[in-house]
Amino acid sequence: MANDYFIQAYSHIRNNQIWHNGESIFTADSADFSSFMKAAYKHFALDYGKFFKMDSLSKLAFMASNPLLNDEPEKNTALVMTNKAGSLDTDRKHQTTMNDYPSPAVFVYTLPNICLGEISIKHQLYSENAFFVFDSFNPSTLHDYANALLDSKKAEKVLCGWVDFEHQKHDAFLYIVSKSGTFEHSLETLNRLYQTP
Amino acid sequence: MDKVFLSYNNIVSAYGFDSLSAISQIENEVSSLKRTEDERILSDPFYTSRPTDTIVSEAFELLQPTKKYTRLEKLLAISLASTIRQSNIALTNRVGLIISTTKGNIDVLERANPFPEERAYLSELGTQIKSFFQFENDAVVLSNACVSGVLAVAVAKRFIDQGRYDHVFVAGGDLVTKFILSGFNAFQALSKEPCRPYCKTRSGINIGEVAASVLVTNDPNKLTKESVEVLGEASCNDANHISGPSRTGEGLHRSIQLAMAQTKLSASEIDYVSGHGTATQFNDEMEAIAFNRSGLQDTPMNSLKGYFGHTLGASGLLETIIGMHSLHRNTLFTNLGFQELGVSEPLNIIQRTTSEKLSTFLKTASGFGGCNTAALFKKVTANG
């Protein structure tokens, strides 16, 4: 189990700005997250109508994974994501509407792993999915779990990271762990890349 | 790589507060689902299975808590306390804790609930359980829809294989709440009668409430008589739809194939399949297609939802534990509620509790988000 893995690519979304491998690729002066996402959608000419049905967490995960997966030929790429708020932003929506008009379109998003399903559908990935919830970014667990998937050949690559959305506050840091890349797959690298887009 | 086993286990349910109280009633083909009128949860009567507040609180008080805990925390703590005590393992830095839940303490969002809203964060649930038992390691909370329980077992094995832990306590639980029932009702997925998995007259799911826990370990000296070895496990997405099961059973079929590929077993060497079988039209049909594609149409199978309903984040774990006992007792449990096959492909549904020599079983689950998980287990014989 002494395989060496690397970070092939990474992305961030914070404060109405999107970065790919540390370079800003889009920023917007939007009043809220929804209009920021709409502006990004137009900017990248995504042409994917389902995007507008997604809840904020799925939009965030979808938009952060897009630059990483668009040119990724490896379909056995596992998805492993983590956050603090789970699906609480949508949970509160369902909680306030469930007495009068509970909506299946809202309820289905009251699970954090739905965002993994959305990414799997878009990029046609029949791969491993897991969603974990932690109090804060937890590189050690992500690191060991990604290595476990790669060592056991359950996946050729692993797209992992942190996608948290609550009260308009959004924080995404995603990265692909692979057998080749620029940065060593280590806790030090993960901590450093998470801090600075 | 060391073998990884499932060992000491507990089920807290309406049947009682240990695995055997559930197993003995299942063996007698007795359901714990009851017609329930509770307007705080659903305006119409519904079928569910829940331990009463009084006996949960009584059992929890025996653990001598020093502050207030939520109902879900109590259920999980009662279950884990039993499993930890039985295993007699010190909670060192080599011992992990995985909590499998879809919604955790979601009831704290209700206005009348006395707990602060912070308790709704799933990590907070993990923290409460960790500190209740004074685990050295932080809890890993897995929230991956209805595959969480069986995926949690797979995740525990992966962490042990990776050398992160030697032992992992996996606990799963979810509550029966208005939040959940109103949502499934909006999908028109709730049955007005006890559910009938795979049956022609099935009319949807019942939601039930349990907490279950198991020790996952690489230590062959920490086994019980119902212990099983985890032979293979895999989880694949349908890449098709977030709420509708795949019409080709793609993700489930792939999960089964990949789990089997890690073993030396062929489909004909699997003695029993513990399916997901929620009794919705689309789920059960999807499973029938996937099991036929995997060559498992002749293997005796059941869904255990007719005993407990769908227990969400606990279900995969609960049903894995029952599978362990099924193997140990060499008994196939009847698929309660089933009358006549109601899926488009053949399945060998267990229609009467029968004695049968058993050594392997497959557990599967599928859920929202297009997720599927399959895990294969083998009985551990007396001499290892």
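Residues numbered from 1 in each chain as written. Chains lettered and ligands numbered in written order. Predicted model: local features only at pLDDT ≥ 70, side-chain atom pairs only at ≥ 80, totals over all residues. Heavy atoms only, no water.

A look at the overall build of chain B
At step 1: Scanning chain B for helices and strands turns up 10 helices and 15 strands.
At step 2: Compactness check: chain B gives a C-alpha radius of gyration of 19 Å against a globular reference of 21 Å for 384 residues, within 12% of the reference.
At step 3: Based on the C-alpha atoms only, the size of chain B along its principal axes is roughly 55 × 55 × 40 Å.
At step 4: Burial status across chain B gives 67% buried among its 384 residues.
At step 5: Restricting to contacts in chain B with at least 6 residues of sequence separation, those with at least 24 account for 78%.
At step 6: Summed over its atoms, the accessible surface of chain B is roughly 13,500 Å², and 46% of this surface lies on carbon and sulfur atoms.
At step 7: The averaged location of the 40 negative side-chain charges in chain B is 1 Å from the averaged location of its 36 positive side-chain charges. (Helix = DSSP H or I, 4+ residues; strand = E, 2+ residues; numbered from the N terminus. Rg over C-alpha atoms; globule rule 2.2 N^0.38 Å. Buried < 20%, exposed > 50% of the residue type's maximum accessible area, 1.4 Å probe, protein only. Contact = heavy atoms within 4.5 Å. Areas by Shrake-Rupley, 256 points an atom, 1.4 Å probe, with all protein chains shown as cover. Lys, Arg positive; Asp, Glu negative; His and termini not counted. Charge placed at Lys NZ, Arg CZ, Asp CG, Glu CD.)

Description of the nonpolar core
At step 1: Among the nonpolar cores identified, the biggest contains 174 residues, and A:Val158, B:Phe133 and B:Phe184 are the most heavily contacted of them.
At step 2: Here this core gets 9 residues from one element, more than from any other, and that element is helix α5 (residues 148-161) of chain B.
At step 3: Per-domain counts for this core show at least three residues from each of domain 1 (5-217) and domain 2 (228-379) of chain B.
At step 4: Excluding residues within four positions of it along the chain, B:Phe184 makes contact with A:Phe107, B:Ala189, B:Leu190, B:Ile205, B:Ile207, B:Leu312 and B:Phe368. (Core = buried A, V, L, I, M, F, W, Y, C linked by side-chain atoms within 4.5 Å. Domains from an automatic or database assignment.)

A word on the side chain of A:His94
At step 1: Here A:His94 is to be found in helix α3 (residues 88-97).
At step 2: Contact partners of A:His94, with chain neighbours within four places excluded, come to A:Pro102, A:Val106, A:Phe107, A:Thr110, B:Phe179, B:Ser182 and B:Gly183.

Considering the domain arrangement of chain B
Residue and element names in this part refer to chain B.
At step 1: For chain B, the assigned domains read domain 1 (5-217) and domain 2 (228-379).
At step 2: Between the C-alpha centres of domain 1 and domain 2 the distance comes to 20 Å.
At step 3: With 64 residues of domain 1 in contact, the opposing surface of domain 2 contributes 66 residues.
At step 4: Of the roughly 5,100 Å² buried where domain 1 meets domain 2, counting both sides, 67% is carbon and sulfur surface.
At step 5: In this structure, the connection of domain 1 to domain 2 is made through 4 salt bridges.
At step 6: Here Asp284 ties to Arg202 by a salt bridge, and the two come within 3.6 Å at their closest N and O atoms. (Buried area = accessible area lost by both parts, 1.4 Å probe. Salt bridge = Lys/Arg side-chain N within 4 Å of Asp/Glu carboxyl O.)

Details of unusual backbone geometry
At step 1: Despite not being glycine, A:Lys153 has its phi angle at roughly 60°, a positive value.
At step 2: You can see A:Lys153 is positioned in the loop between α6 (139-151) and β6 (157-166).
At step 3: Positive phi, normally seen in glycine, also occurs at B:Gln188, with a value near 55°.
At step 4: Residue position: B:Gln188 is located in the loop between α6 (178-186) and β7 (211-217).
At step 5: For B:Gln188, a relative accessible area of 72% gives the class exposed.

Comments concerning the confidence of the model for chain B
At step 1: Looking at chain B, the pLDDT average stands at 97 and 99% of residues meet or exceed 70.
At step 2: Scored by ipTM, the complex comes to 0.98, with pTM at 0.98. (pLDDT = per-residue confidence, 0-100.)

Quick notes on the pairing of strand β1 (residues 6-14) of chain A
All names here are of chain A.
At step 1: Counting buried positions along β1 gives 7 out of 9 residues, so the element sits mostly inside the fold.
At step 2: Across 2 bridges, β1 lies against strand β8 (residues 183-184) in antiparallel orientation. Bridge pairing in β8 links Ile7 to Phe183.
At step 3: Taken together, the 8 bridges between β1 and strand β7 (residues 169-178) define a ladder with antiparallel strand orientation. Residue Tyr10 lies in a different strand from β7, and its bridge partner there is Tyr175.
At step 4: What sits between the antiparallel neighbours β1 and strand β2 (residues 17-20) is a turn of 2 residues, in which Asn15 has the positive phi angle 45°. (Pairing = 2+ DSSP bridges.)

Topic: the interface of chain B and chain A
At step 1: Taken together, the contact between chain B and chain A spans 50 residues of the former and 49 residues of the latter.
At step 2: Of the roughly 4,100 Å² buried between chain B and chain A on both sides combined, carbon and sulfur atoms contribute 62%.
At step 3: Connecting chain B to chain A are 5 salt bridges.
At step 4: Between A:Arg92 and B:Glu117 there is a salt bridge, with its nearest N and O atoms 3.0 Å apart.
At step 5: Connecting chain B to chain A are 25 residue pairs in polar contact (both at pLDDT 80 or more).
At step 6: Of all the elements in the fold, those that place two or more residues in the side of chain B that touches chain A are α4 (122-133), β5 (140-142), α5, α6, β8 (228-237) and α7 (250-261) of chain B. (Polar contact = N/O pair within 3.5 Å; in protein donor to acceptor, adjacent residues only side chain to side chain.)

Section: the packing of α3(A) against α6(B)
At step 1: At a minimum axis separation of 10 Å, α3(A) and α6(B) run at an interaxial angle of 80°. As summarised for this structure, α3(A) and α6(B) are arranged roughly perpendicular, according to the angle between their axes. Where α3(A) abuts α6(B), its residues A:Asp91, A:His94 and A:Gln95 lie against B:Phe179, B:Ser182 and B:Gly183.
At step 2: Each residue belonging to the contact of α3(A) with α6(B) can be placed in one class, and the counts come to 1 nonpolar, 4 polar and 1 charged. (Axes fitted to C-alpha atoms, helices over the stretch in contact; angles between N-to-C directions. Parallel < 35°, antiparallel > 145°, perpendicular 65-115°, else oblique. Nonpolar A, V, L, I, M, F, W, Y, C, P; charged D, E, K, R; others polar.)

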